[in-house]
Amino acid sequence: MTDTEALRNKNEGSKAQRPRRILRRIGAVLAGLFVVVILDTGIDVILHATGIYPPWFKPMSTPLWLLAIGYRMVDGVIGGYIVARLAPDRPVQHALVLGVIGVVLSIAGVVATWNRGPEFGPRWYPLALVVVALPCAWLGGWLRARQISPVQNREW
């Protein structure tokens with residue numbers, strides 16, 4: 001087989017795998033997003049049920065909002081790691097896609113809660129979520145990339 005034939009066969013094989021790879025990319029990002037949403041919501045429910053947080057839609061103190069940012073940051077890192085773990089290649093870039101989605105959703109949260117009152121938190125809270133979404137997802141992807149190989153560590 002000549003080099004040209006080998007290249008053509010390789011390209012035809014990669015074209016057949018392209019739709020599958022795209023689905024894996026999308027699935028990885030959706031899985032990471034799902035994990036973050038489940039973790040954030042689950043922790044919120046537990047903290048409300050145990051009385052650490054006040055009843056839903058009642059004002060909370062600043063330390064409780066800081067607690068919420070803290071575990072959302074950890075959840076964001078976990079989500080970024082999961083995306084990077086499931087991605088077929090370029091783990092950090094896939095994790096950054098999750099981070100961008102987090103920024104967009106957080107901006108939507110800023111718009112939705114800006115003048116809604118103290119039960120929706122202080123104005124700095126949704127802004128803080130916008131700021132931390134991308135770095136947390138990146139960190140999760142970077143942690144996974146470090147596990148894979150030294151060559152992929154240079155991706156970031």
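For the structure itself, consult the block above.
Residues numbered from 1 in each chain as written. Predicted model: local features only at pLDDT ≥ 70, side-chain atom pairs only at ≥ 80, totals over all residues. Heavy atoms only, no water.

Draft legend 1. Local environment of the pattern of salt bridges. Applying the stated criterion to the full structure yields four salt bridges. Residue Arg25 is joined to Asp89 by a salt bridge in which the shortest nitrogen-to-oxygen separation is 2.7 Å. Of the two residues, Arg25 is situated in helix H1 (residues 3–49) and Asp89 in the loop between helix H2 (62–86) and helix H3 (91–113); the sequence distance between them amounts to 64 residues. Asp89 gets classed as partly exposed once you look at its relative accessible area, which sits at 21%. The closest approach of N and O atoms between Arg72 and Asp44, which form a salt bridge, is 2.6 Å. Taken together, the positions of Arg72 in helix H2 and Asp44 in helix H1 put the pair 28 residues apart, joining distant regions of the chain. Accessibility assignment for this pair places Arg72 and Asp44 in one class, buried. Salt bridges linked by common partners bring Arg21, Arg25, Asp89 and Arg90 together as one network. (Salt bridge = Lys/Arg side-chain N within 4 Å of Asp/Glu carboxyl O. Helix = DSSP H or I, 4+ residues; strand = E, 2+ residues; numbered from the N terminus. Buried < 20%, exposed > 50% of the residue type's maximum accessible area, 1.4 Å probe, protein only.)

Draft legend 2. Seen up close, the side chain of Asp75. If you trace the backbone, Asp75 turns up in helix H2. Although Asp75 is buried, it makes no salt bridge; Arg72 carries the closest opposite charge, 6.4 Å away. Aside from chain neighbours lying at most four places away, what touches Asp75 is Val36, Leu39, Asp40 and Ile43. (Lys, Arg positive; Asp, Glu negative; His and termini not counted. Contact = heavy atoms within 4.5 Å.)

Draft legend 3. How the structure looks around the nonpolar core. Grouped together as the largest cluster of nonpolar side chains are eleven residues: Leu47, Tyr53, Met60, Leu64, Trp65, Ala68, Ile69, Tyr71, Tyr125, Ala128 and Leu129. Breaking this core down by element, the ones donating at least two residues are H2 and helix H4 (124–148). Filtering out sequence-adjacent residues up to four positions away, Leu129 remains in contact with Ile69, Arg72 and Ser106. Grouped together as the second largest cluster of nonpolar side chains are five residues, Ala28, Val29, Val83 and Ala87 included. (Core = buried A, V, L, I, M, F, W, Y, C linked by side-chain atoms within 4.5 Å.)

Draft legend 4. Molecular detail of the packing of aromatic side chains. Within this structure, the stated rule accounts for four aromatic pairs. With a centroid separation of 4.6 Å and 55 degrees between ring planes, the pair formed by Trp65 and Tyr125 is classed as tilted. Of this pair, Trp65 sits in helix H2 while Tyr125 sits in helix H4; the two residues are 60 residues apart in sequence, bridging distant segments of the chain. Among the residues examined, Tyr125 registers a relative accessible area of 8% and is labelled buried. With centroids separated by 5.9 Å and ring planes inclined at 20 degrees, the aromatic side chains of Trp138 and Trp142 adopt a geometry described as stacked. On the criterion of helical spacing, the pair formed by Trp138 and Trp142 is a turn pair, its members being four residues apart in helix H4. With a relative accessible area of 27%, Trp138 lands in the partly exposed category. One aromatic cluster in this structure is built from Trp65, Trp124 and Tyr125. (Phe/Tyr/Trp six-rings, centres within 6.5 Å; stacked < 30°, edge-to-face > 60°.)

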